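Architecture at a glance
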Amino acid sequence: GYKPVWSEFPSGPPLLEALNAGAIDFGHAGEAPPIFAQAAAADFVYVAHEPPAPKGEAILVPKNSPIKTVADLKGKKVTLNKGSNVHYLLVKALEKAGVAYSDIQPTFLAPADARAAFQSGQVDAWVIWDPFQASAEVDLDAEVLADGTDVVSNHQFYLAGKSFAADHGKAIEVVLAELEQINQWVKSDIKAAAEELAPPIGIPAPVLEKALSRQSYGLKPISDAVAAEQQNVADTFVALGLLPKAIVVKDAVWRAGS
């Protein structure tokens, strides 16, 4: 009884804005966008997540860059999409390397503009997620300085408008079941999935295959442990002054059948 209408977004933050405005009812984003959206009193709930995929986001540097470690980013220009999952990756990677966030020069650009800045040498590093990451590696010979391994989980979340979830819980359960089937189809033959998805998505199959190979598969409900991880993300941004106020992540978690 539902007819889906598809809308595309370049990243999580504008998707959350659309969700809050009621322009869409269901969407998908990384760790950080829901955090910023909840702090801005956006009207949404977490409905499911994918397992960790730490290699699906990375700090990239140009081929033969003198920057060899994350510690070398001190004083350098680093571009990223503000409020996205890679924002948290950068913060935690710098923390692990003993570099203060205030010791780098962040430049906030959307993926397309960030790629142009990276390619032209206007910035020293680019923090980005797949498939943009895979595209830069394949097309620009970009090198991975560090990915999320042993730094961040890089969960991907499925989100819904709060009122929509309250009134159409069964529909959400159907959508999640269908998404799980798609997940398992991709996981079973990544190469074939990349070849089939490449034309409608507009991404070359080799790039898409590289990106898909780094993702995780298998939708799961939001557990207390995952909510706690999200809470850590939120608390980190509050401590850095990047979030306007503290939030309680579990207040935005949807429970099927509730």
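Read on for a plain summary of the structure. Per-chain numbering applies: the sequence of each chain, read as written, is numbered from 1 onward. Local features in a predicted model are, by the rule used here, given only for residues with pLDDT of at least 70; side-chain atom pairs are given and counted only at 80 or more, and totals for whole chains, interfaces and linings are based on all residues. The basis for the side-chain values is all heavy atoms of the structure; hydrogens and waters are excluded.

**Quick look at the packing of helix α4 (residues 111-119) against helix α5 (residues 132-140)**
It is at 12 Å that the axes of α4 and α5 come closest, and there the two elements cross at 30°. The orientation of α4 with respect to α5, classified from their angle, is roughly parallel. Considering the relative orientation of α4 and α5, their crossing is right-handed. Seen from α4, the contacting residues are P111, R115, F118 and Q119; seen from α5, they are F132, S135, A136, D139 and L140. For helices, the fitted line uses only the C-alpha atoms of the stretch in contact; every axis is such a line through C-alpha atoms, and the angle between N-to-C directions lies from 0 to 180 degrees. Each helix is a run of H or I in the DSSP string that is no shorter than four residues. Each strand is a run of E no shorter than two, and both are numbered from the N terminus. What sets the label is the angle itself: under 35 degrees gives roughly parallel, over 145 gives roughly antiparallel, 65 to 115 gives roughly perpendicular, and the rest give oblique. Should the near helix be turned anticlockwise from the far one by less than a right angle, the crossing is left-handed, and should it be turned clockwise, the crossing is right-handed. Any pair of residues with heavy atoms lying within 4.5 Å of one another is described as a contacting pair.

**Overview of unusual backbone geometry**
Of note, the bond from D130 into P131 is cis; its omega dihedral lies within 30 degrees of zero at 5°. In this structure, P131 sits in the loop between β6 (125-129) and α5. One non-glycine residue, D150, lies in positive phi territory at about 60°. With respect to the helices and strands, D150 occurs in the loop between β7 (143-147) and β8 (156-161).

**Thoughts on α5**
The α-helix winds at 3.6 residues per turn, so residues separated by three or four positions along the chain end up facing the same way. Exposure is judged per residue with a 1.4 Å probe applied to protein chains only, and the accessible area is read against the type maximum: over 50% gives exposed, under 20% gives buried, and values in between give partly exposed. Buried within α5 we find Q133, A134, S135, A136, E137 and L140. Those residues of α5 that are buried lie in contact with β3 (57-61), α4, β6, β7 and α9 (205-212). Looking one or two places after α5, you find D141, whose phi comes out positive at around 60°.

**Details of the packing of α5 against α9**
For the pair α5 and α9, the least separation of the axes is 8 Å and the interaxial angle reads 130°. One element, α5, and the other, α9, form an angle in the oblique class. For the crossing formed where α5 meets α9, the hand is right-handed. In contact with A134, S135, E137 and V138 of α5, α9 contributes V207, K210 and A211. Taken together, the residues of the contact of α5 with α9 break down into 4 nonpolar, 1 polar and 2 charged. The nonpolar class holds Ala, Val, Leu, Ile, Met, Phe, Trp, Tyr, Cys and Pro. Asp, Glu, Lys and Arg form the charged class, and all remaining residues, Gly among them, are polar.

**A few points about the sheet that holds strand β5 (residues 105-108)**
Taken together, the 5 strands give an open sheet; going across it, the order is β5-β4-β6-β3-β7, and neighbouring strands pair in mixed fashion. Of all strands in the sheet, those bounded by a partner on one side alone are β5 and β7. Strand-to-strand twist across the sheet, computed as the mean angle between neighbouring axes with direction ignored, equals 30°. Pairing between strands requires that DSSP locate at least two bridges from one strand to the other. Inspection of the sheet shows strand β4 (residues 77-80) paired to β5 by 4 bridges, in the parallel sense. Pairing of L80 across the sheet is with F108, part of β5. Against the sheet, helix α3 (residues 85-97) makes contact with β3, β4, β5, β6 and β7, and its axis sits at roughly 70° relative to β3, the strand it touches most.

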